[in-house]
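Okay, here's what each chain looks like letter by letter:
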Amino acid sequence: MRLPPAILGNAEEVLREILRFTAPADVTLSRYFKDHPRLGGRERGAIAECVYAVLRHKSFFTDFAGTGASMRRLTVLGMAEAIGADSLGGLSEDEMAVLTRIKEIDRSLLPPKKLANLPDWLYDKFVAQYGEEETLALAAVLNTPAPLDLRVNSLKTDRDKVIAELATAPIAAEPTPYSALGLRIWKKPTLQNLPLFKEGAIEVQDEGSQVLAQLLGARRGEMVVDFCAGAGGKTLAIGAIMRSTGRLYAFDVSEKRLTKLKPRLARSGLSNVHPVVIAHERDAKVKRLAGKIDRVLVDAPCSGMGTLRRNPDVKWRQQPQDIVELTEKQASILDGAARLVKFGGRLVYATCSLLDEENTGIVQGFLATHPDFELVPMHKVLAEQRIPLEMGDYLKMLPHKHGTDGFFAAVLERKAAPAKAAADEPDEDAASE
């Protein structure tokens, strides 16, 4: 079935705005669809996939679309890449000729940097870190759409029951290999109207993110902090692991992000989660809990380079200077969060970045200035949590190896207190919110 020719005009209009890179692509798309309510589900899907195809392959399309590649031509190439040239109507002879020429190009013969479809600075960083061969393998997967991962809410149901109920929709879901509560769906169904979703039995969450929540090792009755909670995906996963007992603080500097947690929290059935807006990592609300928390997760703000399958615009919006600024922020946040951890407590630092300076660089810098903390080898933590992954000292999940978004994590523990310090330690009483 062919798309109406007018849809190319809609796609060109929103693509023009997105390629200014003044806002995240998903935010711009969402606003555009809200402003154009007459677009149906099929049309919206085609426009979104066209935009993401252009963002993934922008270098290739720009180089081979001919001199002075217009926004219209980029849109045609993106739509053909996303849904197939046969689905397009109303094309000119010139546009048909460009599609034919692009189709005849053997992309595997392109120079490595062109094949990767990455900005030069990012390609060079990846090659320095991973080598050229692995960079190309990584880039090949980053330039494909991601599947949809779900987390089953163990407070309400189990994975087998969810698989069976989704099958009646009909939606085919398969168990993820590393998270015991994860499901993977290769198509992009609408979940919001499903009873499973409305009742809080499932949440959308990448398998790698589910693994991060598990690494914290939270137990029933403990005091736990999700330091950069955002919209709360990992908060909800941790709360379920704690079986809705103890006290779980969801800290974030953005009230808007925490507001998005509230409907998810209501569906989840959790009663132990306490969202708290903080001004910064040294907020008085943080200081009141210093030395009292059993486990702290720091899923730090980062470049997001591990999420390029879902957010391909990130590679074009970020610049080298942004990484420098982020590493300064990451080090400060980790230092602030570490003050919460009690003697013998656990601190997990994580990002969805693929860059060493945001990952091992931050952890090694932290350990050099915090002798009261020590690194717990990741292979030990994975065995403890019965997660079937082979890692060394750190968690490094890679899209082309593990099928997840790119994730990094390090587990740190605060050394046990000297005998006198332990005797002097104050009682644990909950902080006022």
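Quick look at the structure, then.

Rules used throughout
Residues numbered from 1 in each chain as written. Predicted model: local features only at pLDDT ≥ 70, side-chain atom pairs only at ≥ 80, totals over all residues. Heavy atoms only, no water. Helix = DSSP H or I, 4+ residues; strand = E, 2+ residues; numbered from the N terminus. Buried < 20%, exposed > 50% of the residue type's maximum accessible area, 1.4 Å probe, protein only. Contact = heavy atoms within 4.5 Å. Areas by Shrake-Rupley, 256 points an atom, 1.4 Å probe, with all protein chains shown as cover. Phe/Tyr/Trp six-rings, centres within 6.5 Å; stacked < 30°, edge-to-face > 60°. Pairing = 2+ DSSP bridges. Axes fitted to C-alpha atoms, helices over the stretch in contact; angles between N-to-C directions. Parallel < 35°, antiparallel > 145°, perpendicular 65-115°, else oblique. Left-handed = near helix turned anticlockwise from the far one by under 90°. Nonpolar A, V, L, I, M, F, W, Y, C, P; charged D, E, K, R; others polar.

Details of the overall build of the protein chain
On a plain count of helices and strands, the protein chain comes out with 21 helices and 12 strands. Seen along its three principal axes, the alpha-carbon backbone of the protein chain occupies a region of about 85 × 50 × 40 Å. Evaluated residue by residue, the protein chain yields a buried proportion of 53% over its 433 residues. Restricting to contacts in the protein chain with at least 6 residues of sequence separation, those with at least 24 account for 73%. Carbon and sulfur atoms form 52% of the exposed surface of the protein chain, whose accessible area is close to 19,400 Å².

A word on the packing of aromatic side chains
Within the structure shown, the criterion is met by nine aromatic pairs. Judged by centre distance (5.9 Å) and plane angle (50 degrees), the rings of phenylalanine 60 and phenylalanine 61 are tilted. Under the relative-accessibility criterion, phenylalanine 60 is labelled buried at 2%. The class of phenylalanine 61 is buried, set by a relative accessible area of 0%. Of the aromatic side chains, those joined through ring pairs into one cluster are Phe60, Phe61 and Phe64.

So, helix α8 (residues 120-130)
Taken together, the buried positions of α8 are Trp121, Leu122, Tyr123 and Phe126. Elements in contact with the buried residues of α8: α7 (112-116), α9 (132-142), α16 (314-317) and α17 (320-338).

Section: the pairing of strand β3 (residues 182-185)
Both faces of β3 are covered, namely the face carrying Gly182 and Arg184 and the face carrying Leu183 and Ile185. Bridging between strand β2 (residues 174-175) and β3 involves two bridges; their strand directions are antiparallel. Paired with proline 175 across the bridge in β3 is leucine 183. Connecting the antiparallel pair β2 and β3 is a turn made up of six residues.

What about the packing of α8 against α9?
Taken N-terminus to C-terminus, the directions of α8 and α9 make an angle of 125 degrees; their axes are 7 Å apart at the nearest point. Here α9 runs oblique to α8, going by the angle between their axes. With respect to the hand of their crossing, α8 and α9 are arranged in right-handed fashion. For the pair α8 and α9, contact is made by Tyr123, Phe126, Val127 and Tyr130 and by Glu132, Glu134, Thr135, Leu136, Leu138 and Leu142, respectively. Its residues assigned to classes, the contact of α8 with α9 comprises seven nonpolar, one polar and two charged.

Examining unusual backbone geometry
Keep in mind that most residues, glycine aside, have a negative phi and that most peptide bonds are trans. Cis peptide bonds are those with omega within 30 degrees of zero, and the linkage from alanine 169 to proline 170 qualifies with -5 degrees. With respect to the helices and strands, proline 170 occurs in the loop between α10 (159-167) and β2. Positive phi is not limited to glycine here, since asparagine 117 has a value of about 55 degrees. On the secondary structure map, asparagine 117 appears in the loop between α7 and α8. Asparagine 117 sits in the buried class, given a relative accessible area of 5%.

Honestly, it's all geometry; don't read function into it.
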